[in-house]
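A look at the structure
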Amino acid sequence: MSALRASAPHPAAAELRCWKLGTFGELRSLRAALREAIQTHTDEVDDLFDKMAVVATELATNALRHGLPPTEVRLLREDDHLILDVADHDLGTLPELDRGRPLGAGGLGLQLTKTFAIDVGWYRTGSTKHVWASFPG
């Protein structure tokens, strides 16, 4: 396994939307609300939404499964970037890429995130751990 690069996202990013999740059942409504938010803030909807929906779902699933509640998903914007920032309250574990895991064995969320996003990282605050991914927007 290898650790994800530690770094805060774009410092001047403005929050466009925020969703708090407590269960896996809320992922469907997250995707629908994310589509609506992307349509509001960019002209490039379908391909961008497909990539961001996968990433938002994977990161939120990781936070719900491995983190401590509540999970918070924020959509941010800075200049020509849209940023997904997913937080949970487990400060004791680091987000790690498992490059050796075979396909179909799960655990590919961060690898998919690195494939679809233009930049990925993570950071901690006093009470939360965040994984973020940026996209052209």
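The coordinates are above.
Everything numeric here is computed off the predicted structure, so don't read it as measured data.

1. Things to note about the pairing of strand β3 (residues 71-78)
With 6 of 8 residues buried, β3 lies mostly within the body of the structure. Bridge analysis of strand β2 (residues 14-21) against β3 gives 7 bridges, and the strand direction is antiparallel. Across the sheet, residue A14 finds its bridge partner in β3, namely R77. The pairing of β3 with strand β4 (residues 81-88) spans 7 bridges and is classified as antiparallel. Bridge assignment links E78 to a residue of β4, and that residue is H81. Here β3 folds back onto β4, and the loop between the two strands holds 2 residues, one of which, D79, carries a positive phi near 50°.

2. Observations concerning the nonpolar core
Judged by nonpolar contacts, the single largest core of 32 residues is most densely connected at L34, M52 and L84. Only β2, α1 (27-41), α2 (46-66), β3, β4, β6 (119-124) and β7 (129-136) provide two or more residues apiece to this core. It is α2 that contributes the most residues to this core, 10 residues altogether. Once residues within four sequence positions are removed from consideration, L84 is found in contact with L34, M52, V55, A56, V73, R74, L75, V131, W132, A133 and F135.

3. Some details on the pattern of salt bridges
In the structure shown here, the tally under the stated rule is 5 salt bridges. We note a salt bridge from K20 to E72, for which the minimum N-O separation is 2.4 Å. Here the residue K20 occupies a position in strand β2, and E72 occupies one in strand β3, the gap between them amounting to 52 residues. In this structure, K51 engages D47 in a salt bridge whose closest nitrogen and oxygen atoms are separated by 3.4 Å. Placement of both K51 and D47 in helix α2 is noted, with a separation of 4 residues, approximately one turn of the helix.

Conventions and cut-offs
- Residues numbered from 1 in each chain as written.
- Predicted model: local features only at pLDDT ≥ 70, side-chain atom pairs only at ≥ 80, totals over all residues.
- Heavy atoms only, no water.
- Buried < 20%, exposed > 50% of the residue type's maximum accessible area, 1.4 Å probe, protein only.
- Helix = DSSP H or I, 4+ residues; strand = E, 2+ residues; numbered from the N terminus.
- Pairing = 2+ DSSP bridges.
- Core = buried A, V, L, I, M, F, W, Y, C linked by side-chain atoms within 4.5 Å.
- Contact = heavy atoms within 4.5 Å.
- Salt bridge = Lys/Arg side-chain N within 4 Å of Asp/Glu carboxyl O.

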